[in-house]
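# Survey of secondary and tertiary structure
Here is how the chains run, residue by residue.
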Amino acid sequence: MTRSQPRRRVNAAYSALNLRLALALFGLVVMAVLAVFAFAADVIWLGVVCAILAAVAVVDLVVIQRRRAARHREEPGVRHSLFE
């Protein structure tokens, strides 16, 4: 950061969209794999629960991507780190 760039205020909230994206993607992969293993082991109820949670992760991914696109339209050229 150079002196010409403004600093963020200490009490300013950071956006966690990138971290939320990574966590939702991890949840989708884990739940999909667990659903496949549960259906293969004939534990249908567990497979259904994991499949529903994987579907929730997909919906969350869509919402996150829409919010990230809106943020990029509002702040063109600004790069956000994964944990910001």
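Residues numbered from 1 in each chain as written. Predicted model: local features only at pLDDT ≥ 70, side-chain atom pairs only at ≥ 80, totals over all residues. Heavy atoms only, no water.

### Here we look at the overall build of the protein chain
To be explicit about the condition: Per the convention used, a helix needs a DSSP run of H or I reaching at least four residues, while a strand needs a run of E reaching at least two, with both numbered from the N terminus. The cut-offs for exposure are 20% and 50% of the maximum accessible area for each residue type, with area from a 1.4 Å probe on protein chains only; residues under the lower value are buried, those over the upper are exposed, and the others partly exposed. Should any heavy atoms of two residues lie within 4.5 Å, those residues are considered in contact.
Helices and strands together make up the secondary structure of the protein chain, namely 2 helices and 0 strands. Classification of the 84 residues of the protein chain by burial places 17% in the buried group. Within the protein chain, contacts between residues at least 6 apart in sequence are counted, and of these 67% link residues at least 24 apart.

### Considerations on a nonpolar patch on the surface
Quick note on the threshold: Only residues whose relative accessible area exceeds 30% and that form no salt bridge are eligible for patches; like-charged ones are grouped when within 9 Å, while nonpolar side chains (Val, Leu, Ile, Met, Phe, Trp, Tyr) are grouped when within 5 Å. Only the protein chains shown count as cover for residues, and the accessible areas themselves come from Shrake-Rupley with a 1.4 Å probe. Salt bridges are defined as contacts in which a side-chain nitrogen from Lys or Arg sits within 4 Å of a carboxyl oxygen from Asp or Glu.
Among the surface-exposed residues, Leu25, Val29, Val33, Leu34, Val36 and Phe37 lie close enough to one another that they form a single nonpolar patch of about 550 Å² accessible area. Its place among the elements puts Leu34 in helix H1 (residues 17-40).

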